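Below, each chain spelled out in residue letters.
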Amino acid sequence: MVSILITAGPTREYLDDVRFLSNGSSGRMGCALAAAAAAAGHLVTLVLGPVEVTPPPNVRVVPVVSALEMQAAANEAFAHADVCIAAAAVADWRPAERAQGKPARQAGETTLRLIPNPDIVAGLAAVRG
């Protein structure tokens, strides 16, 4: 039996309490990989961003929202995994600041300052490099 870490789904980077940056990842590919690995008898940890698809049974699901949460969960799971399959669509950027509540609309332009998210796969590879 092999211990497998799979990341799946999108991440969300909140601008304020109701708005976020994300992408259209459904998480279906990562969940299908997790289902196949579990069916083959492997121990699967699925680090799963916010999705509407139901994760497969017989896998350990670690729900996350942001890229930083996914990084922390993947780092923890990878310490006990033999293999990592990175199928998640992680946001490359996050807001430099998160506003409280839902700021009111204002006339004119606004500027959104973004900072890079960590490269989760590169971080995991560096551990075993």
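Predicted model only: the values in this text are computed from it and were never measured.

(A) Spotlight on the layout of surface pockets. Considering only enclosed or pocket space, the largest pocket measures out at about 600 Å³ in volume. For the largest pocket, the lining is made up of 18 residues, of which Asp16, Arg19, Pro103, Thr110 and Thr111 are closest to its centre. Along the lines of polarity and charge, the residues of the lining of the largest pocket split into seven nonpolar, four polar and seven charged. Empty space within the second largest pocket amounts to approximately 170 Å³. Lining of the second largest pocket is provided by 14 residues; of these, Val90, Pro118, Asp119, Ile120 and Val121 occupy positions nearest its centre. For the lining of the second largest pocket, the secondary structure elements donating two or more residues are strand E6 (83-86) and helix H3 (120-128). Sorting elements by how many residues they give to the lining of the second largest pocket places H3 first, with three residues. Partitioning the lining of the second largest pocket into residue classes produces ten nonpolar, two polar and two charged.

(B) Spatial organisation of the packing of helix H2 (residues 67-78) against H3. Contact pair H2 / H3: the axes reach a minimum separation of 10 Å and the direction vectors enclose 25°. One way to sum up the angle between H2 and H3 is to call them roughly parallel. Considering the relative orientation of H2 and H3, their crossing is right-handed. Here Ala67, Met70, Gln71, Ala74, Asn75 and Phe78 of H2 lie close against H3, whose contacting residues are Ile120, Leu124 and Arg128. For the contact of H2 with H3, the per-class residue count stands at six nonpolar, two polar and one charged.

The rules we used
- Residues numbered from 1 in each chain as written.
- Predicted model: local features only at pLDDT ≥ 70, side-chain atom pairs only at ≥ 80, totals over all residues.
- Heavy atoms only, no water.
- 1 Å grid on protein atoms, 1.4 Å probe; cavity = no way out; pocket = protein on both sides within 12 Å on 5 of 7 lines; lining within 4 Å.
- Points joined across faces, edges and corners; volume = space filled by probe spheres on them.
- Nonpolar A, V, L, I, M, F, W, Y, C, P; charged D, E, K, R; others polar.
- Helix = DSSP H or I, 4+ residues; strand = E, 2+ residues; numbered from the N terminus.
- Axes fitted to C-alpha atoms, helices over the stretch in contact; angles between N-to-C directions.
- Parallel < 35°, antiparallel > 145°, perpendicular 65-115°, else oblique.
- Left-handed = near helix turned anticlockwise from the far one by under 90°.
- Contact = heavy atoms within 4.5 Å.

Without other data, these values stay purely geometric and don't point to any function.
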